[in-house]
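# Architecture at a glance
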Amino acid sequence: FRDEFGHCNVPQKCTANPSLGTWCKVIRSAYSKLQNGLTNHSRALSQDRIARLEEIGFQWRCSMNVDSFDRRCCDLVDFKKEFGHCNVPINYPENQSLGTWCKALRTSYNKFQRGEKTNYNVSDDRIERLTKIGFRWQGAVASS
């Protein structure tokens, strides 16, 4: 996941790897219980395991905004696996909101490049992550 997305902030509902998302939810829950003094979960999450996860950049909490962005990235990866590209049509019947998101990202990217205010959080980090996935910022959208 880190190699593909550049971070370890795995969303709970990651369509690219559902079992990893579930595992991260369990680990985050165990960590939260440990932080709240419920030590009976320490067998599932030792201090050594905590240290190793932190060493690779594991995120103990996912902000909703990041989680939503990561979920969309997972959807985009799934689309690319099926069609061989990331040019999601705006009227893509399997996930119309993904097509709308891609169009809005392109619009925000163009504004970001001109130094204008955008409706989406289009940071250099997000641009880099989407570019790595194969997202095209310019050009016509191919039909699926």
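Above: the structure in question.
Reference entry: report on the structure contained in this document. (Residues numbered from 1 in each chain as written. Predicted model: local features only at pLDDT ≥ 70, side-chain atom pairs only at ≥ 80, totals over all residues. Heavy atoms only, no water.)

## Quick look at the packing of helix α5 (residues 96-113) against helix α6 (residues 124-133)
Direction vectors running N to C along α5 and α6 enclose 130°, while the axes themselves pass 12 Å from each other. Taken together, the axes of α5 and α6 are oblique relative to one another. Remark: the crossing between α5 and α6 carries left-handed chirality. Contacts between α5 and α6 involve Trp101, Leu105, Tyr109, Phe112 and Gln113 from the former and Asp124, Ile127 and Leu130 from the latter. Split into classes, the residues belonging to the contact of α5 with α6 amount to six nonpolar, one polar and one charged. (Axes fitted to C-alpha atoms, helices over the stretch in contact; angles between N-to-C directions. Helix = DSSP H or I, 4+ residues; strand = E, 2+ residues; numbered from the N terminus. Parallel < 35°, antiparallel > 145°, perpendicular 65-115°, else oblique. Left-handed = near helix turned anticlockwise from the far one by under 90°. Contact = heavy atoms within 4.5 Å. Nonpolar A, V, L, I, M, F, W, Y, C, P; charged D, E, K, R; others polar.)

## Thoughts on the pattern of salt bridges
Under the defined criterion, the tally for this structure stands at three salt bridges. Two residues, Asp48 and Arg52, come together in a salt bridge whose shortest N-O distance is 3.6 Å. With Asp48 and Arg52 both in helix α3 (residues 47-55) and four residues apart, this pair spans about one turn of that helix. Among the ionic pairs, Arg114 bridges to Glu116, the shortest N-O distance being 3.0 Å. According to the relative accessible area criterion, Arg114 is exposed, its value standing at 53%. (Salt bridge = Lys/Arg side-chain N within 4 Å of Asp/Glu carboxyl O. Buried < 20%, exposed > 50% of the residue type's maximum accessible area, 1.4 Å probe, protein only.)

## What about the packing of helix α2 (residues 18-35) against α3?
Between α2 and α3, the least distance of the axes is 12 Å, while the angle of their chain directions is 120°. By the angle between their axes, α2 is oblique relative to α3. When you trace α2 past α3, the crossing you get is left-handed. Contacts between α2 and α3 involve Trp23, Ile27, Tyr31 and Leu34 from the first element and Arg49, Ile50, Leu53 and Glu54 from the second. For the contact of α2 with α3, the class distribution of residues is six nonpolar, no polar and two charged.

## Digging into the side chain of Arg106
Within the fold, Arg106 resides in helix α5. Buried and without a salt bridge, Arg106 has Asp75 as its closest oppositely charged side chain, separated by 14 Å. Among the polar contacts made by the side chain of Arg106, one reaches the main-chain carbonyl oxygen of Arg136 at a distance of 2.8 Å. (Lys, Arg positive; Asp, Glu negative; His and termini not counted. Polar contact = N/O pair within 3.5 Å; in protein donor to acceptor, adjacent residues only side chain to side chain.)

## Focus on the state of the cysteines
Taken as a whole and judged by the stated rule, the model has zero disulfides. Here Cys73 is not disulfide-linked; the sulfur of Cys74 is the nearest cysteine sulfur, at 7.2 Å. (Disulfide = S-S within 2.5 Å.)

## Looking at the nonpolar core
Grouped together as the largest cluster of nonpolar side chains are 33 residues, with contacts concentrated most on Leu45, Trp60, Leu76, Leu130 and Ile133. Listed by contribution, the elements that provide at least two residues to this core are α2, α3, α4 (64-83), α5 and α6. Examining the composition of this core, we find that six residues originate from one element, α4, more than from any other. Not counting residues up to four positions away in its chain, the partners in contact with Trp60 are Ile27, Arg28, Tyr31, Leu45, Ile50, Leu53 and Glu54. (Core = buried A, V, L, I, M, F, W, Y, C linked by side-chain atoms within 4.5 Å.)

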